[in-house]
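What follows is each chain in one-letter form.
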Amino acid sequence: MRELWLTSPAKINLTLEVLGKRPDGYHELDMLVVTVDLSDRIALSVRPDGHITLASSATHIPLDEKNLAYRAARTLKEASGTPLGAHIAIDKHIPVSAGLGGGSSNAATVLIGLNELWDLGLDHTALAQLGADVGSDVPFFLYGGTARVGGRGERVEPLPDVGPWSVILVRPPVSVSTTDVFRAFDVRTAPPPGATEAAVRSLLAGDRRAVLEYLRNDLEAVTMERYPEVRSLKEKMRRYGATYTLMSGSGPTVFAVFPDARRARRIVHSLRGFLKEVYLVQTLTSGRCSAALRHAGVGEIKG
Ligand code: C5P
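The residue numbering used here restarts from 1 in each chain and proceeds along that chain's sequence as written. Residues qualify for local features only when their pLDDT is at least 70, as the model is predicted, and side-chain atom pairs are given and counted only at 80 or more; totals for whole chains, interfaces and linings, by contrast, use all residues. Values reported for side chains reflect all heavy atoms of the structure, with hydrogen atoms and water molecules removed beforehand.

(A) Looking closely at the site of the ligand. Close to the ligand lie G25, Y26, H27, L29, G135, S136, R152, T178, T179 and F182, which account for all nearby residues. As used in this structure description, the phrase polar contact means that two N or O atoms lie within 3.5 Å; if the pair is within protein, one of them must be able to donate a hydrogen and the other to accept it, and residues adjacent in sequence are counted only when both atoms belong to side chains. One nitrogen or oxygen atom from the side chain of H27 is found 2.8 Å from an oxygen atom belonging to the ligand. In this analysis, the protein atoms alone were mapped onto a 1 Å grid. Cavities are point sets where a 1.4 Å probe fits without being able to get out; pockets are open sets with protein on both sides within 12 Å along at least five of seven lines; lining residues have an atom within 4 Å of a point. The rule for placing a molecule in a cavity or pocket is simple: more than half of its atoms must lie within 2 Å of the grid points. Comparing atom positions with the cavity grids shows the ligand to sit within the largest pocket. For the shell around the ligand, the elements supplying multiple residues, two or more each, are β2 (27-47) and α5 (178-184). Top contributing element to the shell around the ligand by residue count: α5, with three residues. A cutoff of 4 Å decides nearness: a residue is near a molecule or strand if any of its heavy atoms lies inside that distance of it. Strands are runs of DSSP state E lasting at least two residues, helices are runs of H or I lasting at least four, and both sets are numbered from the N terminus onward.

So this is what it looks like as C-alpha cells:
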C-alpha cells in the first residue's frame, strides 16, 4: 500500500495586527507569518474501506472531529466525493495550543498529501478554499515560507524569504484558548495598524533586517493580562540579550529572532538552565518547504 511521509512545520507571527471585528464574528487581520523548522511528521495511507482514522504519538490531542487534521481529511473527502478513506498518523513535536499553528499545519499537510494519494488533482487555490473552512491558519500552511496573511486568514500573499534567522521559542506551561483571547481583545485599545505594511515594504525593498524593527502582536497584551508568566518570560528573555522578541499568535509561546546564529546558541544555553520547553529553530525558506514535500514524493508546491 502506498504511504506518504510528510513534514508539517510550525509558524511564528512576526506581526499580527487586528484591524477590526467582522460581521461573521471573526477578526480582520494583517499578519506577516513565517514557517520554522520545528515540525511534526505525518504518515498518510489509503484506506479502501472509506474510513478516516487518526493516531498520534501525543496522548493529549483529540483523535476525532476536534482534530483539524481529521477535519481536513473529512472536508476533502466530502468535497471530492472520493470513495477512498485514509489513515493519518501524526508524530507530534510542535507544542499544542501554543500559538505555533501546529494543528492548522497538520490540516494543510493532510490536504496536500491526500490530494496526491487520492489522485484528486485539485489545484492550490481549491485546497486553500477548503483549508479556510477547516481553520483560519490553514491556507497559510499550504504555502509556507514567508507570507502576508489577511482577511480572517484566507488571503495569503507569498513573499520573498525573511532570514534565514535563528529563532528561540519558549513555551510557558499554560494553554491558551484562541477564541477567549480574541473575545477579550478590544480593537479600540490597539494603536493604528501599519507595522505589517512597513515590514512588507522593507522586505520587498530587500532590507530583511529592517523587518525586525516592526515586530508587533496586538493579542500579546490580552494574553499577558491573563497569564502574567508570559510577560515575565518576555522580560526575562530580553534581559538575557534577546532584542527581537514577541509572543506568537494568541500565545503563550514567546519567540526571539537572531540574525546571528552564534548569539542564539549562547542565549538558548542560558535559558535552558531554568526553563523547560526551549527550542532553537531556523526560519524556513519557501524553497526548503517545497523541497521537504518533494522529498516526501508530493511534488512542488507553487506559491
Ligand atoms: O478559525 P479558527 O477555528 O482557527 O479560529 C479559532 C478562533 O479564533 C475562532 O473561533 C475565533 O473566535 C477566533 N478568530 C478570530 N478571527 C480570526 C481568526 C480566529 O476571531 N481571524
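(B) Quick peek at helix α8 (residues 228-239). Helices are assigned an expected span. That span is 1.5 Å times one less than the residue count. Taking 1.5 Å per residue, 12 residues should reach 16 Å; α8 reaches 17 Å between its end C-alpha atoms and fits that length. Residues of α8 that are buried: V230, L233, K234 and M237. One face of α8 carries all of its buried residues, which in axial projection span an arc of 95 degrees. Among the exposed residues of α8, those pointing more than 90 degrees away from its buried face are P228 and R239. Whether two residues touch is decided by their heavy atoms; if any such pair falls within 4.5 Å, the residues are in contact. Among the structural elements, β7 (166-170), α7 (220-226), β9 (244-247), β10 (254-258) and α9 (261-272) are those in contact with the buried residues of α8. Three exposure classes are used, based on accessible area relative to the maximum for each residue type with a 1.4 Å probe and protein chains only: buried under 20%, partly exposed in between, and exposed over 50%. Directions are taken from the helix axis to each C-beta atom, and the arc is the one they span.

(C) Geometry of the sheet that holds β7. Pairing between strands is defined by DSSP: at least two bridges between them are needed. Spatial strand order, β9-β10-β7-β11: four strands in an open sheet with antiparallel pairing. Each of the sheet's edge strands pairs with one partner strand only, and the pair in question is β9 and β11 (278-282). On average, each strand axis in the sheet is tilted by 20 degrees relative to the strand beside it, whichever way the strands run. Every axis corresponds to a line fitted to the C-alpha atoms, with the helix fit spanning only the stretch in contact, and the corresponding angles, defined between N-to-C directions, vary from 0 to 180 degrees. Packed onto the sheet, α8 meets β7, β9 and β10 and runs at close to 20 degrees relative to β10. Sheet strands touched by α9: β7, β10 and β11. Its angle to β11, the strand with the most contacts, is close to 165 degrees.

(D) How the structure looks around the pattern of salt bridges. We define a salt bridge as a contact between a side-chain nitrogen of Lys or Arg and a carboxyl oxygen of Asp or Glu at a distance within 4 Å. With the rule as written, the count across this model stands at 18 salt bridges. Across the pair R148 and D30 runs a salt bridge whose closest N-O atoms are separated by 2.9 Å. Note that R148 is positioned in strand β5 (residues 146-151) and D30 in strand β2, a separation of 118 residues in sequence. Residue class for D30 comes out buried when judged on its relative accessible area of 13%. The closest approach of N and O atoms between D218 and R216, which form a salt bridge, is 2.7 Å. The same class applies to D218 and to R216, which are both buried. Members of the salt-bridge network, linked through shared partners, are R22, D24, E28, E154 and R155.

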